[in-house]
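# Topology and contacts: notes
For reference, the chains in residue letters:
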Amino acid sequence: MRSQLSICSFLPTESFIDTLDRLLDGDRYAVTHFQSRSPFLEFVEKHERNIDCLILQNDSSLCLVTDRLGRDNKFLPAVILQPTELSSSDSNPISYHKAEVRLSEVRLESIGETIDGAIAQFLSLSPTERSIAPVSDSSEPTRAYSTSLSRQQQRLAQKLKERLGYLGVYYKRNPKLYLRNQDPSERQILIDQLKSAYREIILNYFSNTSELNQKIDEFVNLAFFADISVTYVVEIHMELIDNFATQLKLEGRNEEILLDYRLTLIDIIAHLCEMYRRSIPRES
């Protein structure tokens, strides 16, 4: 039997809970409901890695919930329920992140398809795309956001692929977020992130650190959703190795050790090619 999707809801209105319990089949979904803000946030804090999608009611406390999630860098697929009495003009169209999906109360019967759509959009959200506002001038929130988002995307993609049997539909990407389609400032931010992430992999590649696989996954995820080519990865590698070679020469050290890092490039390319292979839908 397929594993269930783990859903966590924040629904102050009890009628929403009753309706969703009826609509979300227990064979496919494992749902945990909360009506109070603090218990909900505590649950997300403890079980973030196991949650596949959030369902949030758009009421007066939603901003407090999403602000806290944003500050704590807790990013997950999200469906936001719009009560009938709440018009679209009464709410900010982006309260959590740009991949959130809004669903009117009168269309609750389509909650299953909406959850699927929220997951698909979340997986196509670029780690370089700013989603939470406002932030401080420091670059640290941006780095923390990108790291958290990439980690969650990778975890969820792996679960959908290996445990739930979903096909390439969940690897659909937004062409607007491709490197070649971004404006110059966004493109430079992404390039800097790719180079920084690759440098971290190089520096830790032979250190047997437990975080290495995570760093590789985050780099590959970032490259995949930006539609980075293998050739461009090679360029990043060669530029970095050339910089290291120059530094070693200045220090009077042998640069032949850098040849070993061809293994790093092979490893990264293998991971990225596998990601692209999985993104091709299987023939029915």
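Predicted model, so just to flag it, every value in this text is computed and none were measured.

On a plain count of helices and strands, the protein comes out with nine helices and five strands. Listed N to C, the secondary structure of the protein is β-α-β-α-β-α-β-β-α-α-α-α-α-α in terms of helices and strands. Counting only residues that meet the buried cut, the protein has 46% of its 284 residues in that class. Long-range contacts, defined here as pairs at least 24 residues apart, represent 72% of the contacts in the protein between residues at least 6 apart. Surface accessibility of the protein: about 14,800 Å² in total, with carbon and sulfur atoms responsible for 49%.

Another point: the pairing of strand β4 (residues 78–82). Judged by how many residues are buried, β4 sits mostly within the fold: five of five residues are covered. Here strand β3 (residues 53–57) runs beside β4; their pairing, made up of four bridges, is parallel. Within β4, the position partnered with Gln 57 by the bridge is Leu 81. In this sheet, strand β5 (residues 101–104) lies alongside β4 in parallel orientation, the contact comprising four bridges. The partner of Ile 80 across the bridge, within β5, is Arg 102.

With parallel pairing, five strands are arranged side by side in an open sheet as β2-β1-β3-β4-β5. Each end of this open sheet is capped by a strand with a single partner; those strands are β2 (29–34) and β5. The mean inter-strand angle of the sheet, taken between neighbouring strand axes irrespective of direction, is 20°. Bridge analysis of strand β1 (residues 5–10) against β3 gives four bridges, and the strand direction is parallel. What sits directly across from Ser 9, in β3, is Ile 55. Helix α2 (residues 37–47) contacts β1, β2 and β3 of the sheet and is inclined by roughly 150° relative to β1.

What follows covers the pattern of salt bridges. This structure, assessed with the given rule, holds 10 salt bridges. For Glu 239, the salt bridge goes to Lys 195, with nearest N and O atoms at 3.2 Å. Taken together, the residues span a long stretch of sequence, with Glu 239 in helix α8 (residues 230–250) and Lys 195 in helix α6 (residues 184–204) at a distance of 44 residues. A residue is classified by how much of its surface remains accessible, and Lys 195, at 29% relative accessible area, is partly exposed. Ionic pairing is found between Glu 251 and Arg 253, a salt bridge with its closest N-O pair at 2.8 Å. For Glu 251, a relative accessible area of 41% gives the class partly exposed. Arg 253 sits in the exposed class, given a relative accessible area of 52%. Within this structure, Glu 45, Glu 48 and Lys 74 form a network of salt bridges that share partners.

Quick look at empty space enclosed by the protein now. Throughout the structure, instances matching the rule amount to one cavity of 30 Å³ or more. Roughly 50 Å³ of internal volume is contained in the largest cavity. Forming the boundary of the largest cavity are Leu 41, Val 44, Glu 45, Arg 68, Leu 69, Asp 72 and Lys 74. It is α2 that provides the largest number of residues to the lining of the largest cavity, a total of three residues. Tallied by class, the residues present in the lining of the largest cavity amount to three nonpolar, no polar and four charged.

Here we come to the nonpolar core. Formed by 77 residues in total, the largest nonpolar core has its most connected members in Phe 40, Leu 54, Ile 55, Leu 81 and Ile 115. Ignoring any residue separated from it by four or fewer positions in sequence, one finds Leu 81 in contact with Leu 11, Phe 16, Leu 20, Ile 55, Leu 56, Gln 57, Asn 58, Leu 103, Leu 108 and Ile 111.

Attention now moves to the confidence of the model for the protein. Across the protein, the average pLDDT comes to 80, with 80% of residues at or above 70. Element-level pLDDT for the protein is lowest in helix α5 (residues 140–162), with a mean of 68, against a maximum mean of 95 in β3. Note that residues 132–141 has pLDDT below 50 and, in this model, seven contacts with residues that lie over four places away or in other chains.

Packing of α2 against helix α3 (residues 62–71) brings their axes to within 11 Å, and their N-to-C directions diverge by 25°. Classified by the angle their axes make, α2 and α3 are roughly parallel. Considering the relative orientation of α2 and α3, their crossing is right-handed. Contact residues: α2 offers Arg 37, Phe 40, Leu 41 and Val 44, while α3 offers Leu 64, Val 65, Arg 68 and Leu 69. Residue composition of the contact of α2 with α3, by class: six nonpolar, no polar and two charged.

Under the definition given, this model contains eight aromatic pairs. Considering the side-chain rings of Phe 224 and Tyr 276, the 5.3 Å spacing of their centres and the 50° angle between planes classify their relative orientation as tilted. Remark: Tyr 276 occurs in helix α9 (residues 262–278) and Phe 224 occurs in helix α7 (residues 212–225); sequence separation between them is 52 residues. Across this residue pair, the class does not change: Phe 224 and Tyr 276 are buried. Taken together, the aromatic side chains of Phe 10, Phe 34, Phe 40 and Phe 43 make up a single cluster linked through ring pairs.

About the thresholds
Residues numbered from 1 in each chain as written. Predicted model: local features only at pLDDT ≥ 70, side-chain atom pairs only at ≥ 80, totals over all residues. Heavy atoms only, no water. Helix = DSSP H or I, 4+ residues; strand = E, 2+ residues; numbered from the N terminus. Buried < 20%, exposed > 50% of the residue type's maximum accessible area, 1.4 Å probe, protein only. Contact = heavy atoms within 4.5 Å. Areas by Shrake-Rupley, 256 points an atom, 1.4 Å probe, with all protein chains shown as cover. Pairing = 2+ DSSP bridges. Axes fitted to C-alpha atoms, helices over the stretch in contact; angles between N-to-C directions. Salt bridge = Lys/Arg side-chain N within 4 Å of Asp/Glu carboxyl O. 1 Å grid on protein atoms, 1.4 Å probe; cavity = no way out; pocket = protein on both sides within 12 Å on 5 of 7 lines; lining within 4 Å. Points joined across faces, edges and corners; volume = space filled by probe spheres on them. Nonpolar A, V, L, I, M, F, W, Y, C, P; charged D, E, K, R; others polar. Core = buried A, V, L, I, M, F, W, Y, C linked by side-chain atoms within 4.5 Å. pLDDT = per-residue confidence, 0-100. Parallel < 35°, antiparallel > 145°, perpendicular 65-115°, else oblique. Left-handed = near helix turned anticlockwise from the far one by under 90°. Phe/Tyr/Trp six-rings, centres within 6.5 Å; stacked < 30°, edge-to-face > 60°.

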